[in-house]
Every structure is written in C-alpha cells, then in structure tokens.
Amino acid sequence: MKLFLVFLIFSLKISLLFGQVSFGETQKINDQWKYSKGDSEQAAQKAFDDSRWRLLDLPHDWSIEGPYSPDLASATGYLPGGVAWYRKSLKIPQNRQNQKVYIYFEGIYRNGSVFVNGHFVGMRPNGYISYMYDITPWLQFGDENTIAVRVDHSQSVDSRWYTGSGIYRDVFLVYANPVHIAQWGVFYQTSLNNKNLASVNVETRISNTTSISQNVRVKQEIYDKEGVLVASSLGNVMVNPGDSNLIRQKLKVEKPLLWSLDHPNLYKLKTFVLNNETLIDETETRVGIRILTFDANKGFALNGQNMKVKGVCLHHDAGTLGSAVPGEVWKRRLINLKFLGVNAIRTSHNPQAPVFYDLCDELGLLVLNEAFDEWEFPKKKWVEGWNVGKPGFQGAYEFFEEWGETDLKDMVLRDRNHPSVFMWSIGNEVDYPNDPYSHPILDQEGIQQQHVKGYQPDQPHADRLGGIAKRLAAVVRTYDPSRPVSAGLAGPVMSNETEYPGALDVVGYNYTERRYVQDHKAYPDRVLYGSENGHSYGAWQAVRDNDYIFGQFLWTGINYLGESFRWPSRGFTSGLLDLGGFIKPRGYFRRSLWSEEPMIYAGVYPLKDRRRGAPIDALPLWNFENGDTLRVVAYTNCQTGRVFLNGKPAGPEMSRNEETGMITWDVVYSPGTLEIQGLNDGHMVVTDRLETTGRPVAIKASLWDKKTLFKKGDVLQIEVSIVDENGRYVYLSDDELACKIDGPAQLLGLESSDPADMGNYNDNRQRVYRGRMIAYIKAQGMGKVEVSFSSQWLKMDKVVFEVK
C-alpha cells in the first residue's frame, strides 16, 4: 500500500487553469470575499456597507457549518439551507479597457444571481453546472468594482442527498481579446490509423465580439510529456462580426503513447490564434489518445483490449468539508479507491468539479459523467429518515424544462476533452416505478428495490420517458459524437415498454442483475452494464461470468452526507471508504475481487453478533473475551488461505467459498496474535495479522502527502491514529483530541468518520472513531507550521512542515 501511494502521489499534479474556459488570461479570484447569511435587498449595490460581514476565501459551503438538527431533513443530512450573499471588491486595471472581461463560476448551489456594480448579470438555477458571464459593460476600468452573488437555497429539501450551499467551487476572472477562442471552444477526437500512427482531429470555435469581420490564423501544436513537439497544423478562418465560426484541423502523431488505465499518457495541445501575426489568444488542452469500443456481446474494450469496468458511484461531498472539497482531498480518495481495484467512477448524479476529472485523467480512471437525477417531475425526498415517513417533493425538476438542455450541453462542452470520460449519462432512475412514472406492466412485475407496487393511473405515464430521452440524447450527440449516451434504469421492466432504452447507445441497469440473461436474449443489440449495484459477491459474479455485461458501479465508493437514516445519522454508509477517506473492511473485500496483486485481509466478528448475509464488514480487531467463539474471515484472491493463533494452526487450509467470495474459520479466542496467510501453488505470498492491543497510550500523526515543503493555498491531510505502548493501532479508542496550529495555516476540519456524531465540526476538538481521524490543514502564508494533537492521558504528537 505504501509503495503504491508513493508512486501515485509523486506522479500526479493538479493542473490547468487554461482548461477551465479554453481562452484568455485566467485569474483565480477565490481570496477575500465577504459573506453574510440571510437576505438583503441592497446587498447587490456597490455602496452597500459590508464591513461587518464575515471575511473568507472560496470555495465555501455554509450548510456544513450547521448546526445539525433533527428538525431538518434527513435527505440533506439534517443540515440547513437558506439564503446568503457573497461580495468581492476587484480593481480592474485601466489598461484592460480594450479587452473583454468575463467571470466564470465552477459551481454555485444554487440559484446563483450575479451582480456587477449593482447591475444584474444573470442567474443560473442548477447548482452543479459551470457557467460564465461577460461583465465588460458594467465594469469601471481603473477603479474598484463590486461583484455580488445572491445564493438562494431556501428550498433546502431539493435533493435526495447532501448538496451543500454557497459558492462551493472555484471562481475565475478571464481577460480576453475581443476576438478569442469561444468558451470551451476547443474539442479534439482521436483515432488510430495503426499502432504507429494516430490522428487527432481538432475543432476550434472562434468568437468575434467586434463590429467587423475578422480573418485569423489558428495554429495547433501537440507536445509529448517531455515537451517535444510531435505534430502541428496551421489554418485560417473568417469570423463575421458578433458571431463565431469553426475551424477543423487534423494532426498526425507518430508512435503514439495511448491513454490507458495503467499508463494514462497525456499529451499537451497548444492552440494559438493570430491576427496579422500578432498573438491574440492561446490555450492548452490535455490530450489522451485512446479508442473506446462497445459491443452487445463482447462488452467494452479500451484500445482494443476487452476489460471489465470495476466502478463506484460517488457523490460530491467529503464529510466535514461538505461540498467545498479541495483537489488534494479528492486525490487521496481516488488513489485509495484505485488501490482497491476500482477503475471507473460514476458522478452520481451530477457533474463534479473540474479538478475531479483532471485527477481521473492523470490517475487512469474512467468516468461515467451523469447529468440528472430527475427530469420533468420530482422524486421523493425523505425528511424523517431514508424511506421513512412522508416525503417532500422539492427539486431540480422545477427548472428542467427551461434549463435542462442548456445544462446538459454545458456539461458536455466543459468535460468532453477529458480522456477519462467514456460515457455520458442523461439520467439516474428517472424511471423509478411510481416515483413518479407508472405503467400497466407494474401490475405484473416490479423491481428489486423498494417501491410502490402496481400500476398507479394517477401518476405520469412512463411513455413520456422516451420523448425526453430522445431530446436529451440528441443534445449530447450534437456536441460530442465520440462517446455513447447512457442512463441508469431503475425499472427496466417498465422502461422496456417505452422508447426510453432505444434512445440510448448503452443501457445501464440499477440493481437488476436478475434481468441480465433474459434481456440480453430479448434485446440482442442492447449494450448492457450495471450502472448501480450492491456489494454482494453474486452481483459481481453476474458481471464476471457474462461477457456481454461489461461492468458494474457499486453503491457507493465513499460514505457520503445525506440520504440519512433516522436521527442521529449524518449520511449513507455503504462506501468502500468512510467519510474520512479511510479504507473500510468491505473495501478490502472488494480488492480481493478486483485487484490482480496477491492480497489477504484478516477480519473478525463474534458469532453471537453475526448478521445475515456475507460478512463483508469483518473488523480488524483481536480484543475479545477469553473463550468467545469468533468467525475469522479472510478476504483474499489467493488460491488458498490458512490461519494461525499464537503461532499454532487454528484451522485447515481452505480455498475461497464461491457462494460468499471469502474464506472463514471459527476460532476460540485467546489473546495474542492471529495471523492468516495467502498461498499460491502451495507457497505463502501474502499475510495479514491482528494483535491484542493494550490501552491507548499515544497519538500518532503523519502527513499523507509525504512532502515537507508546500506552497500557500495547499491543503494538507494529516492522518491521526491512537496507539498502545507498543505502537499498535488501537481500534477501540474513542478519545477526544485537540488540534493546535502554530504558524501560517488554517484548520479546515477534523473528520473521524463517525456516521452518528451530530456534534460541532467547526472547532478544533473531535473524538476519534475506531481509533483514527483525519485533519485538513490549509497553508495560508510562508513560514514554518507546526500542527500538534493532544488529549488528556495520551502522549501528544505533531507534524511540522514548511510553506514557501
């Protein structure tokens, strides 16, 4: 694990401002915003007095600041919404007055109304979509200008999961020549002529905001990772006043290094726009050369190699950080998932922040990019606990008719240059039976998930789904013909009676493994996969053993806020990782199924506490009562396993049970060391052990990113655990720790991953859960930083680093 992490950490970097809007000079303007919770009619005005407002840096999510309350909705994690304002003062230099100036928001949740010097610029209701405004007409060049943003999340029960509230992603100012590359105006597609020659077809849209026609030259250059020029092209395009035009250019790359999961090779495409030999705009786009193939019988192939997609679904929060998640935090989480064998992510059920896709490009992870969870009608939003009581019906459906196609277009335009993106999803479970659509076929058959059974004639008829799906699919194909259109179907039994599946190129089934065989026979041209699945071994066998099912996406990859159970409950807990991004036991079970490297994990649970079904959450613990009979569980991909207690055999050598996907022994407890060994061809290749630990004695803190030198703005992650006198991890510890920072840094949050701790997450104290937590620290300035952790009766520990 350590070697795996070191390799990935040092081979990654979070990049490119260029790729945000694909034109102009881009400046991040996250610093020094004023914020106030509540509404004010005058807050948009330049002269408004905001001196008493809170000063903060973006991204910012006010919902996560709480407090948690049982009076709020379980759907969004018992956390508040509301209305708030943000304001920022910007001086726009006088020498910029002949340029265009734009402001670009990666994401505002939600109903973000933007004002410049008191003038209303625009409002976008969708909280997950990135968008940009031309603010040139309202600026005062050479003077201070006021940007004001009103965020309206007063309908706080508008989602089935936690959304957050506020300007929770990055904000940019863009300066540009009046003639420039259009927003998201560079698009490339790749093909392989043969193994020694690839074609990169580039489309560049040029915008002309002047009153006269413009004839410009467009130059394309492709560089490899060593900075060597490998291909170039030069062309001309005429652009009419107040219009835009497209130029298409083809470049040839010899002996291409393909983008793949194991070797995510990336090239750099530089685009230059010249007017009379004067450079007027430029941008950089990362290029991954790869070929996608989908087949109804053979499944999915990347670069001609058939493979199984081993995916997870992910929401966009990170526990105590809420929805304002730094790229460094995503990096750690994605690396941990890849270590477990995960090779694909489904963005459930909305576009993620741009840095997320950059990381997937760099790591070698496929992305199923999803747009919507509901269309024209609302789904149920649970208020008192997941699937409990009377639901609410607020939601994004309210603006779907007006904005749905525009939102989908903008998602595709923004993300279509990421080689990691391999499919577009236009919806998740919009066909959930009787939530809201219904059909007479439901009188004959239902689905595997909980639902209202039988045909409900007062509900919208499922026949409506086909027309909407066709409309949305056409939008995707207009702006990206290179990838298939998909969706996650909750009710294939119902949707098969409509035109919905036929509108898709690839059809995802949610929790519907039982229909794989019959629907493959009934619809032999349908490309099938599991778009959302449980963690059972049988669900994976249905993928593994059928060539025509190319993969699955587990629900879920990481525990998330919202979709909570009855109070107290912060969120859903079926992830491979917990809220702090630590690997859970079921993560190691999944690694035993998905990883090709020999591995074994030792877990235990008392037989008297055995739950029904496969024990995929067996604990890494060897502290019980003498004489207890324990079920010892081995998650392994080795041929056989064997168990020892205090150096003596405690059970027979066994192979994996093909009904449960694991090996188990019943062992009578005595303190000491439990060891399990994995064998291939009779030779031990891996081992794991559990030891009886003593009482908590000390705190152990270590930086996840092994660097010791950081720059201002970096977010550091410190993993903290409790150990006994011999330095062994004490799983049962629940000590409360205090975090103290000396130096130019800020504590962003402490996350212990306890799903039932509804306390205060805004201070510097937190109780560890199962013996550990993670601390998020932001470097604020230059100098030495010392972060210490202390607790009564425990030996403290500290981490020291330098910011330059």
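Conventions used here
- Residues numbered from 1 in each chain as written.
- Predicted model: local features only at pLDDT ≥ 70, side-chain atom pairs only at ≥ 80, totals over all residues.
- Heavy atoms only, no water.
- Helix = DSSP H or I, 4+ residues; strand = E, 2+ residues; numbered from the N terminus.
- Rg over C-alpha atoms; globule rule 2.2 N^0.38 Å.
- Buried < 20%, exposed > 50% of the residue type's maximum accessible area, 1.4 Å probe, protein only.
- Pairing = 2+ DSSP bridges.
- Axes fitted to C-alpha atoms, helices over the stretch in contact; angles between N-to-C directions.
- Phe/Tyr/Trp six-rings, centres within 6.5 Å; stacked < 30°, edge-to-face > 60°.
- Lys NZ or Arg CZ within 6 Å of the ring centre and 35° of its normal.
- Polar contact = N/O pair within 3.5 Å; in protein donor to acceptor, adjacent residues only side chain to side chain.
- Expected span 1.5 Å × (residues − 1).
- pLDDT = per-residue confidence, 0-100.
- Contact = heavy atoms within 4.5 Å.
- Core = buried A, V, L, I, M, F, W, Y, C linked by side-chain atoms within 4.5 Å.

## Quick word on the overall build of the protein chain
Regarding its fold elements, the protein chain presents ten helices and 46 strands. Expected size for 804 residues packed as a compact globule is a radius of gyration near 28 Å; at 27 Å, the protein chain falls within 12% of this value. Viewed in the frame of its principal axes, the protein chain has a C-alpha envelope of about 90 × 65 × 60 Å. Expressed as a percentage of its 804 residues, the buried residues of the protein chain come to 61%.

## A word on the sheet that holds strand E16 (residues 267-275)
Strand order across the open sheet formed by four strands is E14-E13-E16-E17, with antiparallel pairing between neighbours. Each edge of the open sheet carries a strand with a single partner, namely strand E14 (229-239) and strand E17 (278-287). Direction aside, the axes of adjacent strands within the sheet are offset by 15 degrees on average. Relative to E14, strand E13 (residues 214-223) runs antiparallel, the two being bridged by ten bridges. Across the sheet, Arg217 pairs through a bridge with Asn236, a residue of E14.

## Structural notes on the packing of aromatic side chains
All chains considered together, the criterion is met by 41 aromatic pairs. Ring geometry for Tyr588 and Tyr601: centres 5.0 Å apart, planes at 10 degrees, overall stacked. Here the residue Tyr588 occupies a position in helix H10 (residues 585-594), and Tyr601 occupies one in strand E31 (residues 600-606), the gap between them amounting to 13 residues. Ring-pair connections join several aromatic residues into one group, and the members of that group are Phe294, Phe300, Phe422, Tyr529, Phe550 and Phe553. Its guanidinium or amino end placed over the ring of Phe582, Arg332 lies 4.9 Å from that ring's centre, counting from NZ or CZ. For Arg590, the ring lying beneath its charged end belongs to Trp594, and the centroid distance is 5.0 Å.

## A look at the environment of Ser753
Along the polypeptide, Ser753 turns up in the loop between strand E42 (745-751) and strand E43 (765-767). Among the polar contacts made by the side chain of Ser753, one reaches the main-chain amide nitrogen of Gly580 at a distance of 2.8 Å.

## Points about helix H3 (residues 327-339)
Relative to the 18 Å expected for 13 residues at 1.5 Å per residue, H3 spans 18 Å between its end C-alpha atoms, a close match to the ideal helical length. Burial analysis of H3 places 13 of its 13 residues in the buried class, which makes it a mostly covered element.

## With respect to the confidence of the model for the protein chain
Per-residue confidence for the protein chain gives a mean pLDDT of 95; residues scoring 70 or more make up 97%. Across the protein chain, the element-wise mean pLDDT spans from 47 in helix H1 (residues 2-11) up to 99 in strand E23 (residues 366-370). Contacts for the low-pLDDT stretch residues 9-16, under 50 throughout, to residues beyond four places or in other chains number 22 contacts.

## As for the nonpolar core
Formed by 88 residues in total, the largest nonpolar core has its most connected members in Leu334, Leu337, Trp375, Leu408 and Ile426. Of the residues forming this core, the biggest block, seven residues, is contributed by helix H6 (residues 464-479). In this structure Leu337 touches Val312, Leu314, Val342, Ile345, Gly557, Ile558, Leu576 and Leu577, once residues within four positions along its chain are discounted. With 33 residues, the next largest nonpolar core counts Tyr104, Met132, Phe172 and Val237 among its residues.

## Examining the sheet that holds strand E12 (residues 197-208)
Overall, antiparallel pairing links the three strands, which are arranged E11-E12-E15 in an open sheet. Looking at which strands have only one partner, the edges of the open sheet turn out to be strand E11 (179-194) and strand E15 (243-254). With strand direction ignored, the average angle separating the axes of adjacent strands in the sheet is 15 degrees.

## Some details on the environment of Val785
Mapping Val785 onto the fold places it in strand E45 (residues 783-791). Under the relative-accessibility criterion, Val785 is labelled buried at 0%. Placed 376 residues apart in sequence, Val785 and Lys409 show a C-alpha to C-alpha distance of 45 Å. Those residues in contact with Val785 that lie beyond four places of it in its chain are Ile741, Asp742, Gly743, Pro744, Ala745, Val799, Val800, Phe801 and Val803.

## Considerations on the side chain of Arg124
With respect to the helices and strands, Arg124 occurs in strand E7 (residues 119-124). The class of Arg124 is buried, set by a relative accessible area of 6%. Side chain to side chain, Arg124 and Asp407 meet in a polar contact 3.0 Å long. Excluding residues within four positions of it along the chain, Arg124 makes contact with Asn111, Gly112, Ile129, Tyr131, Tyr133, Trp403, Thr406, Asp407 and Asp410.

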